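Architecture at a glance
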Amino acid sequence: MAWYHEYGGFPPSQAREVKGGIKSQSRRGGFGQSWWAKRWIELIESFGLGARLTRGRAYARKGQVVSIQMEKGCISAKVQGSRAKPYTVTMRVKPLEADAWATIGHALRKEALFSAALLSGQMPQQIEEIFKNAKLSLFPVKKDDFITDCSCPDWSNPCKHIAAVYYLVAEEFDRDPFLLFRLRGIEREALLELLGTGASDAEADPDAMQEEAEPLPCDPVQFWGHHATPTELGAVMLPAVAAALPRRLGGIPFWRGNEEFMGTMVGMYGAASDAGLNCAIGCNIVGETPQAE
């Protein structure tokens, strides 16, 4: 402490502990599982930010980021540092113009692979070639493409608070690739419209929406029908895939649990399946719980 006072400096600050902060899924090693999340990280780390990225990774893993919001061309976040009030982080990326997205949509419609992959929560790597041929880029390609700001007193920009948000955003891109498109200026529904998979027939025909639906019967017997309750349930077995519905929906945005989301869901669904099977067959036989794939 005496050294800092003698030379007019200040001791290193310690970040305040956060309850309920957004902790990264990565506990060690790299961030991001999908190729597009890794590409985002590669881009950030190519800027040569050095120790600030190391401290940012530590903040992301510790849960110092309190909240993150992602809109068209903008990411805003609150990050808890050493002061009582969390710092405000803002990142801006120039969105692509509407005519640029129209060009991209025209190119994507030529390949059914792109629509099918995006609808299933995946992004084919060939999509970068589509952007390149249109003289555009899906990802911001240089440091100047980002405008970042943090309310902390650190003169460095980006600082460790901004770096922490960079890493957590990569994990969100893992969960939902459409967030990357949102950042670049187009929402999921609008992109699917460009791909020709957005509007249903009813949405395309307003008159079809005006057809009056037949009212439901008020009498419970008529509503439920006159069929007798079956005495046999047929084959009762555990599902072939544990937690099939959560797998289709993807992870919860900015999951705060200490354990990996999908692994937690598989365990809970497995226990519920065992309990349901016991109730159905009227005994305490426990089936084999499907394992996570």
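Data block above holds the structure.
**So, the packing of aromatic side chains**
- A full pass over the atoms with the stated rule returns 10 aromatic pairs.
- With centroids separated by 5.1 Å and ring planes inclined at 85°, the aromatic side chains of tryptophan 40 and phenylalanine 173 adopt a geometry described as edge-to-face. Taken together, the residues tryptophan 40 in helix α2 (residues 35-45) and phenylalanine 173 in helix α7 (residues 160-175) connect sequence positions 133 residues apart. Here tryptophan 40 matches phenylalanine 173 in class, with each residue buried.
- Centre to centre, the rings of phenylalanine 178 and phenylalanine 181 are 6.1 Å apart; their planes meet at 50°, and the pair counts as tilted. Placement of both phenylalanine 178 and phenylalanine 181 in helix α8 (residues 178-183) is noted, with a separation of 3 residues, approximately one turn of the helix. Each member of the pair, phenylalanine 178 as well as phenylalanine 181, is classed as buried.
- Three or more aromatic residues link up through ring pairs in this structure, and these residues are Trp40, Phe146, Tyr166 and Phe173.

**Overview of the nonpolar core**
- Counting residues in each nonpolar core, the largest one holds 61 residues, and the members touching the most others are Trp40, Met123, Ile127, Val165, Phe173 and Phe181.
- For this core, the leading source of residues is α7, giving 10 residues.
- Residues contacting isoleucine 127, with those up to four places away along its chain left out, are Trp35, Leu108, Phe114, Leu138 and Phe181.
- If you look at the next biggest cluster of nonpolar residues, it comprises 6 residues, including Ala242, Ala243, Met262 and Met265.

**Here we look at the pattern of salt bridges**
- All chains considered together, the criterion is met by 5 salt bridges.
- As a salt-bridge pair, arginine 39 and glutamate 42 come within 3.6 Å of each other at their nearest N and O atoms. Note that arginine 39 and glutamate 42 are positioned in helix α2 at a spacing of 3 residues, about one turn of the helix.
- The partner of arginine 57 in a salt bridge is glutamate 45, with the nearest N and O atoms 3.5 Å apart. Here arginine 57, found in helix α3 (residues 51-62), pairs with glutamate 45, found in helix α2; they are 12 residues apart in sequence, far enough to count as distant.
- Residues participating in the shared-partner salt-bridge network are Arg39, Glu42 and Glu128.

**Remarks on the pairing of strand β2 (residues 74-79)**
- Relative to β2, strand β1 (residues 65-71) is paired through 6 bridges, and the arrangement is antiparallel. Each residue of the ladder has a partner; that of valine 65, found in β2, is valine 79.
- Alignment of β2 against strand β3 (residues 87-93), held across 6 bridges, turns out to be antiparallel. Its bridge partner lying in β3, lysine 78 is registered against threonine 88.

**Some details on the environment of isoleucine 186**
- With respect to the helices and strands, isoleucine 186 occurs in the loop between α8 and α9 (188-195).
- Between the C-alpha atoms of isoleucine 186 and alanine 98, which are 88 residues apart in sequence, the distance is 8.4 Å.
- Filtering out sequence-adjacent residues up to four positions away, isoleucine 186 remains in contact with Lys72, Trp101, Phe181, Leu191 and Leu194.

**What to know about α3**
- For α3, built from 12 residues, the straight-helix expectation of 16 Å at 1.5 Å per residue is met to within 8% by its first-to-last C-alpha distance of 17 Å.
- Within α3, the full set of buried residues consists of Arg52, Leu53, Gly56, Tyr59 and Ala60. Projected down its long axis, α3 shows its buried positions confined to an angular sector of 115°, all on one face.
- Phi for glycine 63, located one or two positions after α3, is positive at around 90°.

Parameters at a glance
Residues numbered from 1 in each chain as written. Predicted model: local features only at pLDDT ≥ 70, side-chain atom pairs only at ≥ 80, totals over all residues. Heavy atoms only, no water. Phe/Tyr/Trp six-rings, centres within 6.5 Å; stacked < 30°, edge-to-face > 60°. Helix = DSSP H or I, 4+ residues; strand = E, 2+ residues; numbered from the N terminus. Buried < 20%, exposed > 50% of the residue type's maximum accessible area, 1.4 Å probe, protein only. Core = buried A, V, L, I, M, F, W, Y, C linked by side-chain atoms within 4.5 Å. Contact = heavy atoms within 4.5 Å. Salt bridge = Lys/Arg side-chain N within 4 Å of Asp/Glu carboxyl O. Pairing = 2+ DSSP bridges. Expected span 1.5 Å × (residues − 1). Arc of directions from axis to C-beta.

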